[in-house]
Amino acid sequence: MNRRLKKSIRIFYRFRILYLMLLPCIVWFIIFNYVPMVGLIVAFKEFKYNMGILRSPWVGLYYFKEFFNYYNTPHLILNTFFVGFLKIVLFFPLPVIFALMLNEVGIRLFKKFAQTISYLPYFLSWVVVSAFVFRVLAPNDGLLNQIIGKLGGNSEIFYMMEKKYFYQIMFLSYLWKNLGWSSIIYLAAISGINPELYEAAEVDGANNFWKVIHVTIPGIRSTIGIIFILSLGDILKTGFEQNFLFRTPGNMDAADILDTYVIRTGLMRGQFGYATAIGMLQGIVGLIFIIIANKLARMYTEVSLW
Amino acid sequence: MKRKCLSIILVMLVIVFTSQLLWATGKQEKKEVSKEGHPSTWIANRHIKGRIFLENDGELLPKDQVNNPVAQKIKEMTGITLTWRSTGYPNGLEELTMALASGDIPDVIVSYLDHSGRPEFPVLLKAAREGMFADIRPYLEKTKILSKYITDPNFASKDTRENIMLRKDFNGAIYFVHMNLLRSGIKDSERIHWRFGPWIREDIAKALNIGPKDIKTQDDLYNVLLRIKKGNFKDANGKAVYPLGPRLWGGYWISTVVRNYDFGNGTRFDVDSSGKVKYLLETDYAWKQVKFYRKLLEEGLIHPEYFTMDEVRCKENTLNGSFGVIPWSMARKLEYKVYNYIPFEMINYKGEQVVYEKEKPADKVWAISAKAKNPEEIVKFADFLASKEGKALWYYGLKGVDYTIKDGKYLFTPKWLEFTKTHPEQVKDVIPTFWGALLGSTWLNHKKDFGELWVGLNSDKEDNKLLLYDMNYGNPKFKYWKGTPAPSYLSKIPDVEFKLKPVLDEYRDIMAKAVYAKSDEEAKKILSDYLENLKKSGLDDFKKLLQDQYDKDPDSIAFYIDGTY
């Protein structure tokens, strides 16, 4: 046994409890993230119920060709990128700002109250949120239209039926639902900053604002960077539920994205191979984004995944 | 001494009488039990597990599927315990697809299936072709009722026989049993004619003096809606009614209120006057439909959420009488506790003022898993449930307890009728009609079997009055359609189906989208873009197939069907 291996075993034994604690996480990843990757071969097969994934016949790149031949593919890809941009790029700084603001709240009771209130919407399903949004924005008797009507405005606007309002509604409801929950990780990172750094900044004459700029933000910079890089992997996978439920005939041009298309063709029509092929493309594009973002981050900052 | 002798004689008499009685009873029981001591209806001591892909209809199952009196009686007679699993998943087709892919199929499954053009069928057909279901032909052949699907050519429709059950490509195998079929030779007076609408609030119709045949044209309907608006009618909450509201089960595009322009009603394909197959959007009827709705929207005659309102709100508003006219519903007395709606028919694009009905209606399908043990027992059990004896149990409950028979007519007992009024929500827990109907509701002739057109008509005429009233209101003419609905043929060209089906399915959304367009030009462009997309996806190939089939045998295709699809 060479020395290097002996050293590794020694280190492993010394931290055995920590490794044991890591084990469930590794098992979870293997079961739910690595084993399902085998299913990607369905993208190249004509899935047959009686043959399962492995024994179904190969069809090569048939589903990929069909997808690129589909008349609506460019539109779906563009929509998906735009929704991804809204949910990832535009949304991204807001939980950071929210966490910084919460951190500055001096009254402990109010801070806890604000945190709890902001987390709660996360636990509501999109079905409930969509019903709520449809009711609030309903023409004539919806809450928003009633207020506008009382103020003398046009109370007949059917917001959910108009394409031009779709992205605003989608983004704001997404923000309302996820802002609090997404800020937790930054609050945790902030709490890990050495208090002595704040004391040192105070001695140097920094007020609260400059402490945030020079201590808090640099302290959580690596967390921000890594989460941003990872989230770029989902640029084409923004989740189907919200768009699926918010979709109406009037806003369908904006609401239709790859995820909703996958659900409609894959699950509702049993085209598993086709749906997997699209899902695979989404994953590949996400991976390319992660690699590029990581490379850029490593070139210009010291933050990177690898 | 005399008294003693008398006592002995009396005791002797009692013994002799009792022994005779016991002997006689034993003899009678011997008639009904088999050698193993089971009744003649006995099948096997077994638990059949089923799963239904019927969305919220699962709520109609009894709370206790094993210990309710009817299930117990059936267990006693057949040895079978039947339980259905329902997840309440909001989309039956999606649930079915997932269950088939994951192999989560118990002994027997039930799915929606009116005809082979329904979206469930391609999924079921693929599963059958790929060996997911058992071939039940050998077992069906041995049954009393279900064998009619094979032996009686007048029983099932052509679509049921040639596309669903006895398909040529199945090579003699049978994988499905298409349900809720009427018995062959059923007379017109023995069947219920459902009315689907449109419906107008009865009090409004009376107030405006509108007769059952008065709304014939789009202009007539428009004028009625206008009068409703001007009439300042209120709903149960004192709010002004919307002249036209969405359908009862949630808003979407439906052709019943644009009847004058309903080319290819229900299929969107039809033949023009020169015998050429066309798609609705290739005619000017599509634009006329859109234009009519746009006019209603502009003038505030239609609820703005007509195409999108969810089912809960639609029902709530209908119950409150918030809509003057609704486009589609089924006559169901419980739905109209507050306001009665009455049906009317407009003239269709062919110039007929009739109600279109499927000549041989069907609804739902069941199939047995290829992995189910002893499928013959399941088929036998389904046959028992489809027999008159079986039907009586899941329709009427226990004889003497829940119903009696007088002159061949089945009558609910006063005690049961009282129970249905005091505990309406528990009716399904005692007489589990839906539970039994899933396997047993076929070969139907209720009038012949039970002496009434519908369950309870003889027992409680008042309660069922509305059903008959709706059916006969305005003395409508019913016209039967037959043949295979045009969309069913799409499965014959799988490569085209793959591309075209998703685009065809966008139809309702596209039409609604055009209604909400900012201008007529934009609306027309939406329609023409859609037609272009259809053509890119293989519409012409499909039309050619339909044309060839039509030229070969015009009766084999149904282009114009009832507009509920």
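All of these numbers come straight from a predicted model, not from anything done at the bench. (Residues numbered from 1 in each chain as written. Chains lettered and ligands numbered in written order. Predicted model: local features only at pLDDT ≥ 70, side-chain atom pairs only at ≥ 80, totals over all residues. Heavy atoms only, no water.)

## Let's talk about the overall build of chain B
Helix and strand counts for chain B stand at 22 helices and 17 strands. Projected onto its principal axes, the C-alpha coordinates of chain B cover approximately 115 × 60 × 40 Å. By the burial criterion, 56% of the 565 residues in chain B qualify as buried. Across chain B, contacts joining residues at least 24 apart in sequence account for 78% of those joining residues at least 6 apart. Surface summary for chain B: the accessible area is close to 25,500 Å², and the carbon and sulfur share equals 53%. For chain B, the centre of its 87 positive side-chain charges and the centre of its 78 negative side-chain charges are spaced 5 Å apart. (Helix = DSSP H or I, 4+ residues; strand = E, 2+ residues; numbered from the N terminus. Buried < 20%, exposed > 50% of the residue type's maximum accessible area, 1.4 Å probe, protein only. Contact = heavy atoms within 4.5 Å. Areas by Shrake-Rupley, 256 points an atom, 1.4 Å probe, with all protein chains shown as cover. Lys, Arg positive; Asp, Glu negative; His and termini not counted. Charge placed at Lys NZ, Arg CZ, Asp CG, Glu CD.)

## Let's talk about the interface of chain A and chain B
Counting residues at the interface gives 31 residues for chain A and 35 residues for chain B. Here chain A meets chain B over a buried area of about 3,000 Å², counting both sides, of which 61% is carbon and sulfur. Sorting the residues of chain A by area buried against chain B places Tyr49, Tyr71 and Arg269 of chain A first, and these three jointly supply 25% of that buried surface. In this assembly, chain A and chain B are joined by 4 salt bridges. Taking the shortest distance from any N to any O, the salt bridge between Asp253 of chain A and Lys513 of chain B comes out at 2.7 Å. Put simply, chain A and chain B have 8 residue pairs in polar contact (both at pLDDT 80 or more) between them. (Buried area = accessible area lost by both parts, 1.4 Å probe. Salt bridge = Lys/Arg side-chain N within 4 Å of Asp/Glu carboxyl O. Polar contact = N/O pair within 3.5 Å; in protein donor to acceptor, adjacent residues only side chain to side chain.)

## So, the domain arrangement of chain A
For chain A, the assigned domains read domain 1 (1-42) and domain 2 (61-300). Placing the centre of domain 1 of chain A and that of domain 2 of chain A at their C-alpha centroids yields a distance of 32 Å. (Domains from an automatic or database assignment.)

## Regarding the packing of aromatic side chains
Scanning all chains against the criterion turns up 68 aromatic pairs over all chains. Residues Phe196 of chain B and Trp328 of chain B carry aromatic rings whose centres are separated by 6.4 Å and whose planes lie at 55° to one another, so their mutual orientation is tilted. Taken as a pair, Phe196 of chain B in the loop between strand 4 (177-178) and strand 5 (199-201) and Trp328 of chain B in the loop between strand 9 (323-326) and strand 10 (341-343) lie far apart in primary sequence, 132 residues in all. The partly exposed category is assigned to Phe196 of chain B, whose relative accessible area is 22%. Residue classification places Trp328 of chain B among the buried residues on the basis of a relative accessible area of 8%. Through a chain of ring-to-ring contacts, three or more aromatic side chains come together here, namely Tyr62, Tyr63, Phe67, Phe68, Tyr70, Tyr71, Tyr261 and Tyr274 of chain A together with Phe498 of chain B. When the ring centre of Tyr49 of chain A is taken as origin, the NZ or CZ atom of Lys126 of chain B, which lies over that ring, is 5.3 Å away. Over the face of the ring belonging to Tyr222 of chain B we find Lys295 of chain B, whose NZ or CZ atom lies 3.9 Å from the ring centre. (Phe/Tyr/Trp six-rings, centres within 6.5 Å; stacked < 30°, edge-to-face > 60°. Lys NZ or Arg CZ within 6 Å of the ring centre and 35° of its normal.)

## A short note on the packing of helix 19 (residues 494-504) of chain B against helix 21 (residues 520-536) of chain B
Residues and elements named next belong to chain B. Axis separation between helix 19 and helix 21 bottoms out at 9 Å; the angle between their running directions is 165°. In terms of orientation, helix 19 and helix 21 fall into the roughly antiparallel class. Considering only the axes of helix 19 and helix 21, their crossing is left-handed. Contacts from Leu500, Val503 and Leu504 in helix 19 reach Tyr530, Asn533 and Leu534 in helix 21. Of the residues belonging to the contact of helix 19 with helix 21, the class tally is 5 nonpolar, 1 polar and no charged. (Axes fitted to C-alpha atoms, helices over the stretch in contact; angles between N-to-C directions. Parallel < 35°, antiparallel > 145°, perpendicular 65-115°, else oblique. Left-handed = near helix turned anticlockwise from the far one by under 90°. Nonpolar A, V, L, I, M, F, W, Y, C, P; charged D, E, K, R; others polar.)

## A few points about the sheet that holds strand 10 of chain B
All names here are of chain B. If you trace the 4 strands from one edge of the open sheet to the other, you get 6-9-5-10, paired in mixed fashion. In this open sheet, the two edge strands, each paired with only one partner strand, are strand 6 (242-244) and strand 10. When strand polarity is set aside, the average angle formed by the axes of neighbouring strands in this sheet is 20°. Taken together, the 2 bridges between strand 6 and strand 9 define a ladder with parallel strand orientation. Across the sheet, the residue bridging to Leu244 is Val325, located in strand 9. In this fold helix 9 (residues 218-230) packs onto strand 5, strand 6 and strand 9, with an angle of close to 170° to the strand it touches most, strand 6. (Pairing = 2+ DSSP bridges.)

## Observations concerning the domain arrangement of chain B
Residues and elements named next belong to chain B. Split by domain assignment, chain B resolves into domain 1 (1-32), domain 2 (46-178 + 365-440) and domain 3 (199-359 + 481-558). Taking the mean C-alpha position of each, domain 2 and domain 3 sit 32 Å from one another. Where domain 2 abuts domain 3, roughly 770 Å² becomes buried across the two surfaces, and 48% of that area is made up of carbon and sulfur atoms. Viewed at the interface, domain 3 and domain 2 are joined by 1 salt bridge. Among the ionic pairs, Lys158 bridges to Asp553, the shortest N-O distance being 3.4 Å. The interface formed by domain 2 and domain 3 includes 5 residue pairs in polar contact (both at pLDDT 80 or more). Looking at the side of domain 2 that touches domain 3, the element that brings in the most residues is helix 7 (residues 158-165), giving 3 residues. Split by residue class, the side of domain 2 that touches domain 3 holds 2 nonpolar, 5 polar and 3 charged.

## Quick word on a positive patch on the surface
A surface patch of like charges, here positive, comprises Arg3, Arg4, Lys6, Lys7, Arg10 and Arg14 of chain A. Summarising the element assignment, Arg14 of chain A is placed in helix 1 (residues 3-14). (Patch = residues over 30% accessible without salt bridge, like charges linked within 9 Å, V, L, I, M, F, W, Y side chains within 5 Å.)

## Some thoughts on the pattern of salt bridges
Applying the stated criterion across every chain, the model contains 45 salt bridges over all chains. The shortest N-O distance in the salt bridge between Arg118 of chain B and Asp114 of chain B comes to 3.5 Å. What you see here is one network of salt bridges that share partners, running through Glu46 and Lys48 of chain A together with Lys126 and Glu130 of chain B.

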